[in-house]
Amino acid sequence: MRASSSCLCVFVVACVLSGVVRAVQPNRGDADRGRQTYVKVGCYQCHGREAQGASTGPRLGPDPMPLAQFTRYVRAPRNEMPPYTAKVLSDAELADIHAFVAARARPRIP
Amino acid sequence: MDRRHFLKNTAGALAGGAALGGQASAQPPSPGADADADAMTTDRCGADCMVDVIKAIGLEYICANPGSSFRALHEAIVNYGANARPELITCCHEESSVAMAHGFAKIDGKPIGVMAHGTVGLQHAAMAIYNAYCDRVPVYIIVGNTLDATERRPGVEWAHSVQDASSLVRDFSKWDDTPVSLEHFAESAVRAYKLAMTPPMGPVLLVADSELQERPLGAGFKLQIPRLTLAAPPQGDSAAIAEVARMLVEAENPVIVADRAARTPAGLASLVELAETLQAAVIDQGGRLNFPSRHLLNQSGQSRATIGAADVVLGLELTDFWGTVNTYRDQLQRSSRSILKPGAKTIAISMRDLGIKANYQEFQRYPELDLTVSGDAEASLPPLVDAVKKLVTADRRRVFAERGKKLGAASRAAHDKARADAAYAWDAAPVTTARLSMELWEAIQHDDWSLASYLNPVSGWPMRLWTFDKHHQFIGGSGGSGIGYTAPASVGAALANKKHGRLTVTIQPDGDLLYAPGILWTAAHHHIPLLSVMHNNRAYHQELMHLQRMANRHNRGIDRAHIGTTIDNPNVDYAKVAQGMGVYAEGPIENAKDLAPALKRAIAVVRKGEPALVDVVTQPR
C-alpha cells in the first residue's frame, strides 16, 4: 500500500510539473484561447460575440455558473441549446470558453 | 370578320410571310383590308368601368409591376382615372406589390390594390399572399388573364394565360372570382372588398379578363355598381361572454394573452380597459400592438412564468393557443409538456375556427380548451368589459388592487432588468442589437413614430426598451414567416403613415432585403419617407442556428454550418445598393459610436419626405 501511495504521489507531482493537472482541473482556462474557441464552435450565434446574451441564448458572463455546472449543461443542455459532446468540444476547450465569458467586462449604464 | 378571325388570319399571314422570307411583315397595312375586323379603337373601354368600380370601393393605391394581361386596366387607371385614388405604385416584383399592400393595411386598416399577371405575376406574388392570409390582413388583388384561347395573341400571351388563375392561391386566399361580364366584375369586386374586410380578414382575388378590359363599351352603356356595405364584425355569443366574465372575475390569477386581437386603436383601448378593470396580467404576443409595452399590467417579458401561475388563461385571437400553454423541445429528445398548473382553465375568443382551410397547416396544434367563443376578439371586448364590470364587487376590487400592485412591481423590475441587460457589450463591434435599438429609440422617441419591422431578429429589444402605446407604433410580423416581407411591408406601412406625417422606421434584416431590393427604388421613386436601419448580421441567422443544431445533434461540430447560411465573402454594401436605387444611405457602420450621428442625418432626410437607409453591421441576434 505504501508503495502504491508513493507512486500516486509521484504521479501527482509529475502531473503538476507536466501541466496535466491543467487538463483535469480545467477552471484555469485561457480567456484569449477561449475567445477563439467561442467563435469557432458557434457560441456567439446564440449568446452574442461578447457573451452578452440574446433572445436565442442567455448572457453567459461576466459571472458564469461554476465550471462543473457549465460543463454539465453544455454536454446535456435543457431547452433549445444544441448539445456539445466531448467529441466536438473538449473539456479543456470548455474551460477556455468559461475563462473567456468570465473575463467579459461589466457594463456601464447607457 | 370578327376580331377573333382577324387575329387568327393576321397571325397566319405573318407566319407565312416569315416562311417566305419575312416580306409579309414588312408590307404596310392596306387600308380597308381590316374592314370586317372588330373595332378596338374607342373612347371608352371595359377597363374604364373597372376603374369606376375600383374608385367606388375606395382603393387608394394600386401596386403593380406592369404586365400585358392588364394593360388596358393599367392604361385606364393612369388616363381615365387620372392616376388618383387609385394611384399607380410601380413595384419591381409582385411579391413586393402584395407585401406593400400588406404593410399598408396593417397601418390603415383597409386594403389597397395589387395588379399582376394571372400566371407569372401571381406566381411571384404567391408567397406574399400566403403571408397576408396567415396574418389575417386584407389585400385586394386583380390579375389579368385571357381566358378565350381564340383571343390570345400568339406567343407569350399563351404562356401568360391560364384556365383558372385563382387556383394557384385558392388554398390561402379568402375568396376569388373570375367575372365574365362587367356587371359580374362590379358585383364581385364589391363582394370581394366586403369579404376581405370581414373578420377573419384576408386576401381576395379577382380575375380581370383582358377581353373585358379592352372591349369597347356600347353606346350608352352604364355600369351599375352595387353599394358597398361592410359587415359588422361578429361578437361572441352573449351567454358565452357572460361565462367568460364570471370566470375572469372569480379567478385569483387571470392572465390575458393577445396576438392578433387589436385590429384598430379601439381594440387596444378595450383590452386596456378589460385588464385595468380586472387588474389582470396581459401578455402581448405581438401579432399587433394589443397592449402598451410599458403598462404596469404588461407581463410579456415573463410570459411563461405568468402563464404558469395562472388559474384562468384567456386567449384573444391567438395563432397558437397550444404553443402558448405548452413547451416544446426539439433537442436531445423531442418532448412537450403543459406549463399550466393543475386545474387552470383556458378560454379562447377567436375567429380561428371560422374560414379555416385544410391544405396549408398554419392552424397549429389542436388546443384543449375549457371554453371556446367564436367571435372577433376586438368586437367581443366591449361586451366582455361590460359583463366584467357588472360582476365586480367591492371585495373583488380590493383583491384586484393587490394583484395589480404585485404585477406593477414585476413590470418595473422587468424593465429595469431589460435596461441593465442592454448595457452589456455596449461598445461591442459588431454593434449589439440592444445598442442599435436604444440608439434608434433616442433618435425617434420625440416624433410620432411607427415601427414597421418585427422584433424576433433583434431579440425583441424595442418592445423591452421603448414605450409603445399607440396602435400604429407596431404592426407585428409577416404571418407566414415567408422571408422577403419586411422591406416591402415597411414601405407599404410608410406609405400609409405618410398622410399622417408619421416617421416610419424599420429594422431591416439583411437577408430579407436581398429577396427583392428593388423596393428601395419604389420608395425613392414615389417619395415614401421610411428610415431603414439595417440589421446586417451577414447571415440567414435563423437557418444558421438550425444547421448548428443539426450538426451538433449529429455529433459533427459546426465548422461547416456557415455553408449556405451566411451572406459574406463578399459582404453586401447595402448603402451602395440603396444609393444605386436613389435612396440616401450611409454605412456600413461597425463602430457603435458612429450610429447616433448617422441616424440623425438619415432622419433629417426622412423628415423631408424621402427614404433613407443606414447600414449597421450587427451581432447575430
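Reading the values: rules and limits
Residues numbered from 1 in each chain as written. Chains lettered and ligands numbered in written order. Predicted model: local features only at pLDDT ≥ 70, side-chain atom pairs only at ≥ 80, totals over all residues. Helix = DSSP H or I, 4+ residues; strand = E, 2+ residues; numbered from the N terminus. Rg over C-alpha atoms; globule rule 2.2 N^0.38 Å. Buried ≥ 20, exposed ≤ 12 C-beta atoms within 10 Å, placed from the backbone. Contact = placed C-beta atoms within 7 Å. Pairing = 2+ DSSP bridges. Nonpolar A, V, L, I, M, F, W, Y, C, P; charged D, E, K, R; others polar. Axes fitted to C-alpha atoms, helices over the stretch in contact; angles between N-to-C directions. pLDDT = per-residue confidence, 0-100. Parallel < 35°, antiparallel > 145°, perpendicular 65-115°, else oblique. Left-handed = near helix turned anticlockwise from the far one by under 90°. Domains from an automatic or database assignment. Expected span 1.5 Å × (residues − 1). Bend = angle between axes of the 7 residues up to and from the residue. Core = buried A, V, L, I, M, F, W, Y, C linked by C-beta atoms within 7 Å.

Now for the overall build of chain B. Summing up its helical and strand segments, chain B has 23 helices and 18 strands in all. Computed over its C-alpha atoms, the radius of gyration of chain B comes to 27 Å, within 12% of the 25 Å expected for a compact globule of 621 residues. Its C-alpha atoms give chain B principal-axis dimensions of roughly 90 × 60 × 50 Å. Scored against the burial criterion, the 621 residues of chain B give a buried share of 51%. The long-range share in chain B, meaning contacts at least 24 apart out of those at least 6 apart in sequence, stands at 80%.

Looking now at the pairing of strand 9 (residues 312–316) of chain B. Residue and element names in this part refer to chain B. For strand 9, a buried count of 5 out of 5 residues is recorded, marking the element as mostly surrounded by other parts of the structure. The alternating pattern of strand 9 places Val312, Leu314 and Leu316 and Val313 and Gly315 on opposite faces, both of which are buried. Looking at chain direction, strand 7 (residues 254–258) and strand 9 are connected through 5 bridges and run parallel. Paired with Val257 across the bridge in strand 9 is Gly315.

This part is about the environment of Thr42 of chain B. By secondary structure assignment, the location of Thr42 of chain B is in the loop between helix 2 (23–26) and helix 3 (46–57). Once the C-alpha coordinates of Thr42 of chain B and Pro216 of chain B are considered, the two residues, 174 residues apart in sequence, prove to be 5.8 Å apart.

Residue and element names in this part refer to chain B. In terms of burial, strand 18 (residues 612–617) is largely enclosed, as 6 of its 6 residues are buried. On strand 18, burial covers both faces: Ala612, Val614 and Val616 on one face and Leu613, Asp615 and Val617 on the other are all buried. Bridge count between strand 16 (residues 531–536) and strand 18: 6 bridges; the pairing is parallel. Across the sheet, the residue bridging to Asn536 is Val617, located in strand 18. Examined bridge by bridge, strand 17 (residues 584–589) and strand 18 share 4 bridges and lie parallel to one another. Bridge pairing links Ala585 to Leu613 in strand 18.

A few words on the interface of chain B and chain A. Chain B puts 30 residues into the contact, and the matching count from chain A is 28 residues. Secondary structure elements with two or more residues in the side of chain B that touches chain A: helix 15 (394–423), helix 16 (433–444) and helix 21 (541–553) of chain B. At 6 residues, the largest contribution of residues to the side of chain B that touches chain A is made by helix 21 of chain B. Its residues placed into classes, the side of chain B that touches chain A shows 14 nonpolar, 11 polar and 5 charged.

So, about the sheet that holds strand 4 (residues 140–145) of chain B. All names here are of chain B. An order of 2-1-3-4-6-5 is seen for the 6 strands of this open sheet, with the pairing classed as parallel. Pairing within the sheet leaves two strands with one partner each, and these edge strands are strand 2 (87–90) and strand 5 (175–177). Adjacent strand axes in the sheet meet at a mean angle of 25 degrees when their direction is disregarded. Note that strand 1 (residues 61–64) and strand 2 share 4 bridges and pair parallel. The partner of Ala64 across the bridge, within strand 2, is Thr90. Where helix 6 (residues 120–134) meets the sheet, it contacts strand 3 (113–117) and strand 4, and its direction lies at approximately 130 degrees from that of strand 3.

Here we come to the sheet that holds strand 9 of chain B. Pairing between sheet strands relies on hydrogen bonds along the backbone, with the strands arranged either parallel or antiparallel. Residues and elements named next belong to chain B. Taken in spatial order, the 5 strands make up an open sheet running 8-7-9-12-13, and their pairing is parallel. Sheet topology places strand 8 (281–284) and strand 13 (371–374) at the edges, where each strand pairs with a single neighbour. Taking each pair of neighbouring strands and ignoring which way they run, the sheet shows an average axis angle of 15 degrees. Of the pairings in the sheet, the one linking strand 7 to strand 8 comprises 4 bridges and is parallel in character. Bridge pairing in strand 8 places Val257 opposite Ile283.

Let us look at unusual backbone geometry. Residue and element names in this part refer to chain B. Of note, the amide linkage connecting Pro199 to Pro200 takes the cis form, showing an omega dihedral of -5 degrees. Backbone torsion omega between Gly587 and Pro588 reads 5 degrees, so that peptide bond is classified as cis. In this fold, Pro588 is placed in strand 17. Located in the positive-phi region is Ala82, a residue other than glycine, with phi close to 60 degrees. Tracing the chain through its elements places Ala82 in the loop between helix 4 (71–80) and strand 2. Phi at Glu317 takes a positive value of approximately 50 degrees, unusual for a residue other than glycine. Given 28 C-beta atoms within a 10 Å radius, Glu317 is considered buried.

This paragraph deals with the confidence of the model for chain B. Caution applies to low-pLDDT parts of the model: their predicted coordinates are not meant to be read in detail. All names here are of chain B. When pLDDT is averaged across chain B, the result is 93; 94% of the residues are at 70 or more. Taken as a whole, residues 1–33 scores under 50 in pLDDT and shows 24 contacts with residues more than four places along the chain or in a different chain. As a predicted assembly, this complex carries a pTM of 0.91 together with an ipTM value of 0.85.

Packed helices, taken two at a time, are described by the angle their axes make and the gap between the axes. Residue and element names in this part refer to chain B. Across the interface, helix 11 (residues 265–278) lies against helix 14 (residues 377–391) with an axial gap of 9 Å and an inter-helix angle of 25 degrees. The angle between helix 11 and helix 14 falls in the class roughly parallel. Once helix 11 is placed against helix 14, the crossing between them reads as left-handed. Packed against helix 11, whose contacting residues are Ala266, Gly267, Ser270, Leu271, Glu273, Leu274, Thr277 and Leu278, the element helix 14 presents Glu378, Leu381, Pro382, Leu384, Val385, Val388 and Lys389 at the interface.

For the rest of this paragraph, the subject is the domain arrangement of chain B. Residues and elements named next belong to chain B. Parsing chain B into structural domains produces domain 1 (1–38), domain 2 (41–214), domain 3 (238–415) and domain 4 (424–617). For domain 2 and domain 4, the distance between their C-alpha centroids amounts to 30 Å. Taken together, the 25 residues of domain 2 in the interface contact 27 residues of domain 4. Mapped by element, the contributors of at least two residues to the side of domain 2 that touches domain 4 are strand 2, helix 5 (94–108) and helix 6.

Moving on: helix 6 of chain B. Residue and element names in this part refer to chain B. The end-to-end C-alpha distance of helix 6 is 22 Å, a good match for the 21 Å that 15 residues give at a rise of 1.5 Å each. Most pronounced at Ala126, the bend in helix 6 amounts to some 45 degrees. All of the buried residues along helix 6 are Gly121, Leu122, Ala125, Met127, Ala128, Ile129, Tyr130, Asn131, Ala132, Tyr133 and Cys134. Arg136, located one to two residues past helix 6, shows a positive phi value of around 55 degrees.

Let us now look at helix 4 of chain B. If you check which residues of helix 4 of chain B are buried, you get Ala72, Leu73, His74, Ala76 and Ile77 of chain B. Where helix 4 of chain B terminates, the next one or two residues include Ala82 of chain B, which has phi positive at roughly 60 degrees.

The next thing to look at is the nonpolar core. Counting residues in each nonpolar core, the largest one holds 173 residues, and the members touching the most others are Val114 and Leu271 of chain B. The element contributing the most residues to this core is helix 6 of chain B, with 9 residues. Val41, Ala99 and Phe100 of chain A together with Ala539 of chain B belong to the second-largest nonpolar core, a separate cluster that totals 25 residues.

Residue and element names in this part refer to chain B. With respect to the helices, strands and loops of the structure, Ala523 is situated in helix 20 (residues 519–525). By C-beta crowding, Ala523 is classed as buried, having 28 other C-beta atoms within 10 Å. Sequence spacing of Ala523 and Leu495 is 28 residues, and the spatial spacing of their C-alpha atoms is 8.7 Å.

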